[in-house]
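Structure at a glance
For reference, the chains in residue letters:
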Amino acid sequence: MKGRDLLRDYLAGHLTREDAQRELTGRAKESRHLLPIMDADRHGRHFLSDLQPPEGAAERLTQVILSPDLSSNVFRENTQVGRLQKIFDLMPFDVVGAGRPVSKSKSKRSKIKKVAPARIRRSNRKTANRKTTNKKGKRK
Amino acid sequence: MPSLRLQGDRVSKGHEEIRISPDIPEKVSEWFSTAATADRIPPFFVREWLGQVLQENYRLFYGIGYGYFHDPSYAEDAVQSAALKALQRLRQLKQPQTVLAWFASITRNTCLDLLRNPNSRAAESLDEVSCSPASNSIDQVRIDWQRKLLVEINKLPENQAIVVRLRFLDDCDLGEIAERLGLRKNTVEVRLHRALEKLSHSPCLRALKEEYL
């Protein structure tokens, strides 16, 4: 029997680990690497088979899912308002510093229009006509 | 989205053929194929079905939480939080036959979120627990090995971890795992083989073998 078939039979529960070991003779000896895999499986099942959740935990979970309050709590849209938001809602709208009188000098200064300096156009001729050879005619 | 046509225990969806678990009531599969996107709150019969499925496979989900928190009450809390998350997103589940794998992913993500959140109750990190001294009683030693094994399983990719959990915790064979996860037998075999190979190389299982054999 091929190694892969052997493992399949073992995982399907048709073979025990000892049977598989007996089968691993002759050409199938190459598949001896399957034995540690079977050992890992055996140990894992041996140790985790008796893992017990707390008593009544599964029933509590079902109750959580079926409880009538669920629709009001879990599916309610996030309409809760925080404490800070409540304070802001009570206060009249005001921008900090908006009520302060503006001084005369500041108001005059604001009237002066700021004009952006004109751009000086530079021609690209110089760079375009830059020589790529030196005086002797050799390339740089 | 192409509509699903029920054919006995099989559903054809375009070219693919998906095996449907016989446990899913027709009413529920109909809700998933038609009304799930419209209903914001799943109806009672869907919640009832979900509750039943989770209750039947509770050990599987508890194992995920226990592997992360190493504490029964934290693990239970994590599974409950995951259940609430799952309820909120139940209409996003496209194939009800894959509900186990879907909920296992949610549980795992919830555990990781709780561990990352500094304000959560889960104060003990994995490292602290693994370094904590084990008492000499046989039960305590066994519990420590269980924890270590679950930690190793949690390190696997989720698609392999769920297969191993079903194998180790519920002692399922290939056919049963395939049926419960809505997968093909060959897929399960490949995943289980890969996962067991990784586990066999893990220092935890090597130490376990040396100690007990």
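Residues numbered from 1 in each chain as written. Chains lettered and ligands numbered in written order. Predicted model: local features only at pLDDT ≥ 70, side-chain atom pairs only at ≥ 80, totals over all residues.

1. Brief notes about the overall build of chain A
Note the following rule: Put simply, DSSP marks the helices as runs of H or I at least four residues long and the strands as runs of E at least two long, and each gets a number from the N terminus on. Three exposure classes are used. Buried residues have 20 or more other C-beta atoms within 10 Å of their own C-beta, exposed residues have 12 or fewer, and partly exposed residues fall in between, all C-beta atoms being placed from the backbone.
When helices and strands are counted, chain A shows 8 helices and 0 strands. Across chain A, helices and strands are ordered from the amino to the carboxyl terminus as α-α-α-α-α-α-α-α. Sorting the 140 residues of chain A into buried and exposed places 14% on the buried side.

2. Quick look at the overall build of chain B
Applicable threshold: By the criterion used throughout, residues are in contact when their C-beta atoms, derived from the backbone, lie within 7 Å.
In terms of regular secondary structure, chain B is built from 11 helices and 3 strands. Going from the N terminus to the C terminus, chain B shows its helices and strands as β-β-β-α-α-α-α-α-α-α-α-α-α-α. The buried share among the 213 residues of chain B stands at 40%. The contacts of chain B with a sequence gap of at least 6 include a subset with a gap of at least 24, amounting to 62%.

3. Re helix H1 (residues 3–12) of chain A
All names here are of chain A. How we decide: The reported arc concerns the directions from the helix axis to the C-beta atoms and nothing else.
Every buried residue of H1 is accounted for by Leu6, Leu7, Tyr10 and Leu11. End-on view of H1: buried residues confined to an arc of 125 degrees, all on one side of the axis. Once H1 finishes, Gly13 follows within two positions and takes phi at roughly 90 degrees, a positive value.

4. As for the interface of chain B and chain A
Quick reminder of the rule: Each residue receives one of three labels: charged for Asp, Glu, Lys and Arg, nonpolar for Ala, Val, Leu, Ile, Met, Phe, Trp, Tyr, Cys and Pro, and polar for the others, Gly being one of them.
Across the boundary between the two partners, chain B contributes 41 residues, which contact 29 residues of chain A. Elements represented by at least two residues in the side of chain B that touches chain A include exactly helix H2 (44–56), helix H3 (58–69), helix H4 (72–88), helix H7 (138–154), helix H8 (158–170), helix H9 (174–181), helix H10 (185–201) and helix H11 (203–212) of chain B. Top element by residues in the side of chain B that touches chain A is H4(B). It accounts for 8 residues. A breakdown of the residues in the side of chain B that touches chain A according to their chemical character gives 20 nonpolar, 9 polar and 12 charged.

5. With respect to the confidence of the model for chain B
Residues and elements named next belong to chain B. To keep things clear, this is the line we draw: The score called pLDDT rates the predictor's confidence residue by residue, from a low of 0 to a high of 100.
Summing up the model confidence of chain B, the mean pLDDT is 79 and the portion of residues at 70 or higher is 79%. Low pLDDT, under 50, characterises residues 1–20; the stretch is placed with 25 contacts to residues that sit more than four places away or in other chains. Overall, residues 127–135 carries pLDDT values under 50, and its contacts beyond four positions in sequence, including any with other chains, amount to 6 contacts. In the predicted assembly, ipTM is 0.75 and pTM is 0.68.

6. So, unusual backbone geometry
Residues and elements named next belong to chain B. Look at His70: it is not a glycine, yet its phi comes out positive at around 60 degrees. Along the polypeptide, His70 turns up in the loop between H3 and H4. With phi around 55 degrees, Asp171 is a residue other than glycine that occupies positive phi space. In this structure, Asp171 sits in the loop between H8 and H9. According to the C-beta neighbour criterion, Asp171 is exposed, with 12 such atoms within 10 Å.

7. Quick look at the packing of H3(B) against H4(B)
Residues and elements named next belong to chain B. Our working definition: For helices, the axis comes from a line fit to the C-alpha atoms of the stretch in contact; other axes are also lines fit to C-alpha atoms, and the angle between any two N-to-C directions lies between 0 and 180 degrees. The scheme is simple: roughly parallel for angles under 35 degrees, roughly antiparallel for over 145, roughly perpendicular for 65 to 115, oblique for anything else. Definitions for this section: a left-handed crossing has its near helix turned counterclockwise from the far helix by less than a right angle. A right-handed crossing has that turn clockwise.
Between H3 and H4, whose axes approach to 8 Å, the crossing angle comes to 125 degrees. Put simply, H3 runs oblique to H4. The crossing of H3 and H4 is right-handed. Counting all contacts with H3, which are made through Phe61, Tyr62, Gly65, Tyr66 and Phe69, the residues of H4 involved are Pro72, Tyr74, Ala75, Ala78 and Val79.

8. Let's talk about the environment of Leu15(A)
Residue placement: Leu15(A) occurs in the loop between H1 and helix H2 (17–23). The residues touching Leu15(A), leaving out its near neighbours within four places in the chain, are Leu6(A), Asp9(A), Tyr10(A) and Ala20(A).

9. Details of the confidence of the model for chain A
Note that predicted coordinates carrying low pLDDT should not be read in detail. Chain-level statistics for chain A give a pLDDT mean of 72 and a share of 46% at 70 or above. For chain A, helix H8 (residues 125–128) of chain A is the element with the lowest average pLDDT, namely 56, and helix H4 (residues 57–66) of chain A is the one with the highest, namely 89.

10. So, the packing of H4(A) against H4(B)
Between H4(A) and H4(B), whose axes approach to 10 Å, the crossing angle comes to 30 degrees. As the angle between them shows, H4(A) and H4(B) are arranged roughly parallel. Here H4(A) runs over H4(B); the crossing is right-handed. In contact with Ala57(A), Leu61(A), Val64(A) and Ile65(A) of H4(A), H4(B) contributes Glu76(B), Val79(B), Gln80(B), Ala83(B) and Leu87(B). Looking at the contact of H4(A) with H4(B), its residues break down into 7 nonpolar, 1 polar and 1 charged.

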